[in-house]
Amino acid sequence: MSAIYILLGISITVAIVFFIVFILSVRKGQYDDVYTPSVRMLFDDELVEKSPKEKSKSRVLTKQKQS
Amino acid sequence: MQQTCFHCGNNCEKNSVFYDKKNFCCNGCKTVYEIFSSNNLSCYYDLQSAPGAIPKEIEGKYDYLDNPAIIEKLVEFDDGKLQIVNLYIPHIHCSSCIWILENLHKLQPAIKNSQVDFPKKTIRINYNLEQYNLKEIVKLLNSIGYEPYISLNDYSKGKQQIDRSLIYKLGVAGFAFGNVMFLSFPEYFEVSEFWLEQYKHLFRWLMFGFSIPVVFYAAQEYFISAYKGLRSKILNIDVPISLGILVLFVRSFIEIFMDWGSGFFDSLTGLVFFLLLGKFFQQKTYSFLSFERDYKSYFPIAVTRLNFQKSKEENIQVYDIQQGDRLLIRNSELLPVDCILINGKAEIDYSFVTGESEMVHKNSGDKLFAGGKQLSGAIEVEALKSVEQSYLTQLWSNDIFNKNKEETFVNLTNHISKYFTYVVLAIAFTATAFWLFIDSSLAINVFTAVLIIACPCALALSTPFALGNMLRIFGRQKLYLKNATIIEKLAQVDTIIFDKTGTITTNNQREIEYEGIRLNEAEEALLKNTLRSSNHPLSRALYNFLAEQNIQTLDDFEEVTGNGIYATKAENSIRLGSAKFVGNTAEINTQDTAVHIQTNQTYKGKYVFHNQYRNDVERLFKELKKQYHIIILSGDNEGEKKRLQKLLPKNTQLLFNQKPEDKLNYIKALQQKGNKIAMIGDGLNDAGALAQSDVGISIAENVNVFSPACDAILEASNFSKIGSFFKASHQTINIIKSSFVLSFLYNVVGLYFAVTGQLSPIIAAILMPLSSISVLVYVTLLTNYRARKLFFKPKLKAYKG
């Protein structure tokens, strides 16, 4: 019945991997601002819908030429 | 129909601009709209209606950003090709702001990317240095209505280290708690089952392993605090907590080592996790506000120096100003140092610095003090001192600014825990002594059980959750507290001191009253037309106050600076201005702010300018007077004394002509008599008083612009709710006290099991979280209920109390 040792080993390893990922994400500053990303994630859809990339690029280019 | 601006939402009055089927209040707003729509960014207006701000004129204001030494201090990263800068933009307020600022690269390809930190109201911009520079970025931001706020404070601050240790600790405790719960679950039911018998030792040692980092890392602050408390002979709440944690850990270790039982690792990790959760909840901060500001965040970063040898203007850092430097101060710029006026017309607004409500007129040769704001055109001045030696900045050398107010404050929990610890220790020893006679094998078991169960988890949790919740409620009511302990301090206050200018009065509006002989129609028309040509602030205010008249061309017009105006039209002549100027000798010495009128050589009367008091001042003072001692400390003259006396309840103490140090000393004297003082002020002149008082509340028309160092910032629009805030903090303390009773009841139940020697891990594992969570729910619900009653149904409250 050594299966339980293997299972325990796996489950604790998985838990520790997640724990390390958490620590790394805090260290990278992901928890410093927990509000803005929640707003930001909603934007991408609107960009695709309202301003197709081709169009916006050409506009920017023409503006550059003017200036 | 009232039209509002499509860009900024202001009312479009006479000069509205119609463009692309939309209304704009001014050309500035229209231009921003044009920039956005031509770059396909008009989605800005879909996310939120009218999110913008009117771009300001900044001609020459940011020329100092050409100076590499200043840029070097402001940028975060620079490798010659790439620069990263972090700018504070007060206008950031909605999702549209985030969207447009993070799409800056669409407007300017040299910007690689930009990221907004909404709670801090900052933007981090990453740009290519070869194609672009900081000054252009600031100009670009300003052109779309997002002017960054750059002050001397940005210059002197180093790299800030963010303290994330609490999140780590919470992570560790939560991780261990979850895993220990899983591992301890099989043994809760105490069934003797073959497989369980086989593996329970492994499970126990794993739990032990998980709890090691919890005790030695996550809980270390409690040990440190308890140690510090004991050393200074204070039994704070952390003493019984640390005792509980230690006993839990040691007893559990012995139990599994001797194979007596499964230990209390679940309770141990759960306890630490909940305690840290409470700390985390209480730690709510308003990161876009700063409570530690001194004159540095009010002062500009650079000024224009006139260099006569090279005959040019140059931008220098304000710290580099030396005595004798000639400086150019533009319209609405601040005077960074004490100086002498050399050239130009100076109208200085000192309201923020001294509390004087009227602007001061100065002639060349007069001395000007640092902190004043020039209001009429550019002037040339000669510096008398360096920045640190100026009169205003010297206030900050007072000891009070280096003192930490928190250290001397004993909060309610620590006050109670003193008795609590004694009682717990007494029970533990009595019970142990009792069991020594009955059954000595159980004695040590009972002793540890008492210490474990009496660990004041619920007691330690109720305060942070009640205060943390109230802190959030206050925040929604626009009173931003520096930390949660301020609520306890607010509840102890017995004396409230108000500043006058800018605190109980508003700087935006004036009340104007005419006293004297009524003017006839021709005279009124002449007066209005005379005022039209004058730029003096009093003239502008009076002009806006008077009824519309037909526009006439004056025959003669002469403005005598600092005195008044003389004008003629046909056979009528008018003189208006100071009492002396119109020849009214009787009133020369009064301190009213007034414009005197004389027509055709006869004195007619005067327009008196009163300070406009905030709405509800009278009601608020009446309400506060019932419970508090109220004092008014004003830096202004006594001109308003009579009016204030009429407005405020009888026996309100009024003190005028108070210098910043006077205010500070006055509060100090009261404190020495044992009074607890809340100071409510606004300007730099109150900074000392705000720091000295037990609770310093700063009033701000706009919380994003400068306010002096304080414990709390209140948005001026909610000034009339001050009474409710005080009441709410009283009630919060009462709620905390009642929650203490609740947690004591849990302790009594737990102690019954402990003293009788029946404490099993499962009882501890149930009782500990149950008591904590129920206390949590209790305080949260009750504080919400109280706050709702106070802030959302003011009428109901008025009838009751």
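This is a predicted model, so every value here is computed, not measured.

A.B. asks: Help me understand the overall build of chain B, please; the structure alone is not making it clear to me.
C.D. replies: From N to C terminus, chain B includes 27 helices and 28 strands. Referenced to the eigenvectors of the C-alpha coordinate spread, the extents of chain B come out at roughly 115 × 70 × 60 Å. When burial is assessed residue by residue, chain B has 54% of its 801 residues classed as buried. For chain B, restricting intrachain contacts to residue pairs at least 6 apart in sequence, the fraction spanning at least 24 positions comes to 67%. Seen as two clouds, the 83 positive and the 79 negative side-chain charges of chain B have centres 5 Å apart.

A.B. asks: Quick question: what am I supposed to make of the packing of helix α21 (residues 617–625) of chain B against helix α25 (residues 722–755) of chain B here?
C.D. replies: Residue and element names in this part refer to chain B. One way to put it is that α21 packs onto α25 with a least axis distance of 9 Å and a crossing angle of 30°. The orientation of α21 relative to α25 falls into the category roughly parallel. Along its contact with α21, which presents L620, E623 and L624, the element α25 presents I722, G723, S724, F726 and K727. Here the residues of the contact of α21 with α25 sort into 4 nonpolar, 2 polar and 2 charged.

A.B. asks: Honestly, unusual backbone geometry in this entry has me stumped. Any pointers?
C.D. replies: Note: most residues except glycine have negative phi, and most peptide bonds are trans. All names here are of chain B. In this structure, Q601 is a non-glycine residue whose phi angle is positive, near 70°. Since its relative accessible area comes to 63%, Q601 is described here as exposed. For N657, which is not a glycine, the phi torsion comes out positive at approximately 55°. Tracing the backbone shows N657 in the loop between β25 (653–655) and α23 (660–672).

A.B. asks: Looking at this structure, how should I read the domain arrangement of chain B?
C.D. replies: By a widely used convention, the size of an interface equals the accessible area lost when the partners come together. Residues and elements named next belong to chain B. For chain B, the domain assignment lists domain 1 (1–54), domain 2 (63–150), domain 3 (164–283), domain 4 (298–397), domain 5 (479–505 + 615–726) and domain 6 (507–613). Placing a centre on the C-alpha atoms of domain 5 and another on those of domain 6 gives a separation of 35 Å. Across the contact, 15 residues belong to domain 5 and 10 residues belong to domain 6. Of the roughly 1,100 Å² buried at the junction of domain 5 and domain 6 (both faces included), carbon and sulfur atoms supply 43%. Among the residues domain 5 hides against domain 6, the three largest losses belong to T505, E640 and R643. Together they make up 44% of the total. Viewed at the interface, domain 6 and domain 5 are joined by 0 residue pairs in polar contact (both at pLDDT 80 or more). Listing elements by their share of the side of domain 5 that touches domain 6, those giving two or more residues are α18 (500–504) and α22 (641–647). Tallying contributions element by element places α18 first for the side of domain 5 that touches domain 6, with 4 residues.

A.B. asks: Any chance you could explain the sheet that holds strand β3 (residues 75–78) of chain B here in plain terms?
C.D. replies: Strands pair in a sheet through their backbones, by hydrogen bonds, and they do so in one of two ways: parallel or antiparallel. Residues and elements named next belong to chain B. Strand order in this open sheet of 4 strands is β3-β4-β6-β5, and the pairing throughout is antiparallel. Pairing within the sheet leaves two strands with one partner each, and these edge strands are β3 and β5 (111–117). When strand polarity is set aside, the average angle formed by the axes of neighbouring strands in this sheet is 10°. Across 3 bridges, β3 lies against strand β4 (residues 82–88) in antiparallel orientation. Along β4, the bridge assignment pairs F77 with I84.

A.B. asks: What is the right way to read the interface of chain B and chain A from this model?
C.D. replies: The partner chain A presents 31 residues to the 34 residues of chain B that form the contact. Between chain B and chain A the total buried area reaches about 3,000 Å² when both faces are included, carbon and sulfur atoms providing 68% of it. For the chain B face of the interface with chain A, the top three residues by lost area are N40, Y168 and Y199 of chain B, together amounting to 19%. On inspection of chain B and its partner chain A, the count reaches 1 salt bridge. Close ionic contact of R40 of chain A with E102 of chain B constitutes a salt bridge, the shortest N to O distance being 2.6 Å. Taken together, chain B and chain A are joined by 5 residue pairs in polar contact (both at pLDDT 80 or more). Counting residues per element, the ones that place at least two in the side of chain B that touches chain A are α1 (27–38), α2 (44–47), α4 (95–102), β5, α8 (165–184) and α9 (194–218) of chain B. Counted by class, the side of chain B that touches chain A contains 20 nonpolar, 9 polar and 5 charged residues.

A.B. asks: Just checking my understanding: could you explain the nonpolar core for this structure?
C.D. replies: One recurring pattern in soluble globular proteins is that nonpolar side chains are buried together. Residue and element names in this part refer to chain B. By size, the foremost hydrophobic cluster in this structure holds 120 residues, and its most contacted members are F474, F498, I504, L624, I722 and F726. Looking at which domains feed residues into this core, each of domain 3 (164–283) and domain 5 (479–505 + 615–726) gives three or more. Residues contacting F498, with those up to four places away along its chain left out, are T503, I504, F621, L624, I630, I631, I632, L633, I680, F719 and I722. I100, Y127, Y132 and L134 belong to the second-largest nonpolar core, a separate cluster that totals 54 residues.

A.B. asks: How should the environment of L542 of chain B be read in this particular structure?
C.D. replies: Residue and element names in this part refer to chain B. You can see L542 is positioned in helix α20 (residues 537–545). Judged by relative accessible area, which is 0%, L542 ranks as buried. Through-space distance from the C-alpha of L542 to that of A709 is 35 Å; in sequence the pair is 167 residues apart. Contacts of L542, omitting those with residues within four sequence positions, involve I512, L531, V595, Y607 and F609.

A.B. asks: Before we go on, may I ask you to explain the pairing of strand β20 (residues 564–569) of chain B in this structure?
C.D. replies: On a regular strand, each side chain points to the face opposite its neighbour's, so the side chains alternate between the two faces of the sheet. Residue and element names in this part refer to chain B. Pairing of strand β19 (residues 556–560) with β20, which is carried by 5 bridges, proceeds in the antiparallel orientation. The residue bridging E559 from the neighbouring strand is I565, located in β20. The sheet contact formed by β20 and strand β21 (residues 572–577) spans 6 bridges and is antiparallel. Within β21, the position partnered with A567 by the bridge is I574. Counted between consecutive antiparallel strands, the loop separating β20 from β21 contains 2 residues, among which A570 sits at a positive phi close to 50°.

A.B. asks: What am I meant to see in the confidence of the model for chain B here?
C.D. replies: A low pLDDT means the predicted coordinates there should not be read in detail. On average, residues of chain B score 81 in pLDDT, and 90% of them are at 70 or above. Confidence over residues 794–801 of chain B falls short of pLDDT 50; this stretch has 6 contacts with residues more than four positions distant or in other chains.

A.B. asks: Mind showing me how you'd approach empty space enclosed by the protein here?
C.D. replies: Once rolled over the atoms, a probe with the size of a water molecule shows which space is left empty. Residues and elements named next belong to chain B. Enumeration according to the criterion identifies 4 cavities of 30 Å³ or more in this entry. Taken as a whole, the largest cavity encloses approximately 110 Å³ of empty space. As for the largest cavity, its lining consists of I453, C455, P456, C457, A458, S743, Y746, N747, G750, L767, M768 and S771. Of all the secondary-structure elements, those providing two or more residues to the lining of the largest cavity are α16 (457–476), α25 and α26 (761–792). Looking at the lining of the largest cavity element by element, the count peaks at 4 residues for α25.

A.B. asks: Is there a simple way to explain a nonpolar patch on the surface in this structure?
C.D. replies: Residue and element names in this part refer to chain B. A contiguous nonpolar patch, built from W205, V250, F253, I254, F257, M258 and W260 and spanning about 730 Å² of accessible area, is present on the exposed surface. The leading source of residues in the nonpolar patch is helix α11 (residues 238–257), at 4 residues. Tracing the sequence through the fold places I254 in helix α11. I254 sits in the partly exposed class, given a relative accessible area of 37%.

A.B. asks: What exactly am I supposed to notice about the pattern of salt bridges here?
C.D. replies: One side chain can pair with another of opposite charge once the charged atoms of both are near each other. All names here are of chain B. All told, the structure shown has 21 salt bridges over all chains when counted by the stated rule. For K120, the salt bridge identified is with D117, shortest N-O distance 3.8 Å. Given a relative accessible area of 30%, K120 falls into the partly exposed group. The residue E221 makes a salt bridge to K279 at a minimum N-O spacing of 2.8 Å. With a gap of 58 residues between them, E221 in helix α10 (residues 220–231) and K279 in helix α12 (residues 265–282) connect regions that are remote in the sequence. Judged by relative accessible area, E221 falls into the partly exposed class, the value being 34%. Judged by relative accessible area, which is 27%, K279 ranks as partly exposed. In the salt-bridge network here, residues are joined through shared partners; they are D616, R619, E623 and K727.

Rules of the game
- Residues numbered from 1 in each chain as written.
- Chains lettered and ligands numbered in written order.
- Predicted model: local features only at pLDDT ≥ 70, side-chain atom pairs only at ≥ 80, totals over all residues.
- Heavy atoms only, no water.
- Helix = DSSP H or I, 4+ residues; strand = E, 2+ residues; numbered from the N terminus.
- Buried < 20%, exposed > 50% of the residue type's maximum accessible area, 1.4 Å probe, protein only.
- Contact = heavy atoms within 4.5 Å.
- Lys, Arg positive; Asp, Glu negative; His and termini not counted.
- Charge placed at Lys NZ, Arg CZ, Asp CG, Glu CD.
- Axes fitted to C-alpha atoms, helices over the stretch in contact; angles between N-to-C directions.
- Parallel < 35°, antiparallel > 145°, perpendicular 65-115°, else oblique.
- Nonpolar A, V, L, I, M, F, W, Y, C, P; charged D, E, K, R; others polar.
- Domains from an automatic or database assignment.
- Buried area = accessible area lost by both parts, 1.4 Å probe.
- Polar contact = N/O pair within 3.5 Å; in protein donor to acceptor, adjacent residues only side chain to side chain.
- Pairing = 2+ DSSP bridges.
- Salt bridge = Lys/Arg side-chain N within 4 Å of Asp/Glu carboxyl O.
- Core = buried A, V, L, I, M, F, W, Y, C linked by side-chain atoms within 4.5 Å.
- pLDDT = per-residue confidence, 0-100.
- 1 Å grid on protein atoms, 1.4 Å probe; cavity = no way out; pocket = protein on both sides within 12 Å on 5 of 7 lines; lining within 4 Å.
- Points joined across faces, edges and corners; volume = space filled by probe spheres on them.
- Patch = residues over 30% accessible without salt bridge, like charges linked within 9 Å, V, L, I, M, F, W, Y side chains within 5 Å.
- Areas by Shrake-Rupley, 256 points an atom, 1.4 Å probe, with all protein chains shown as cover.

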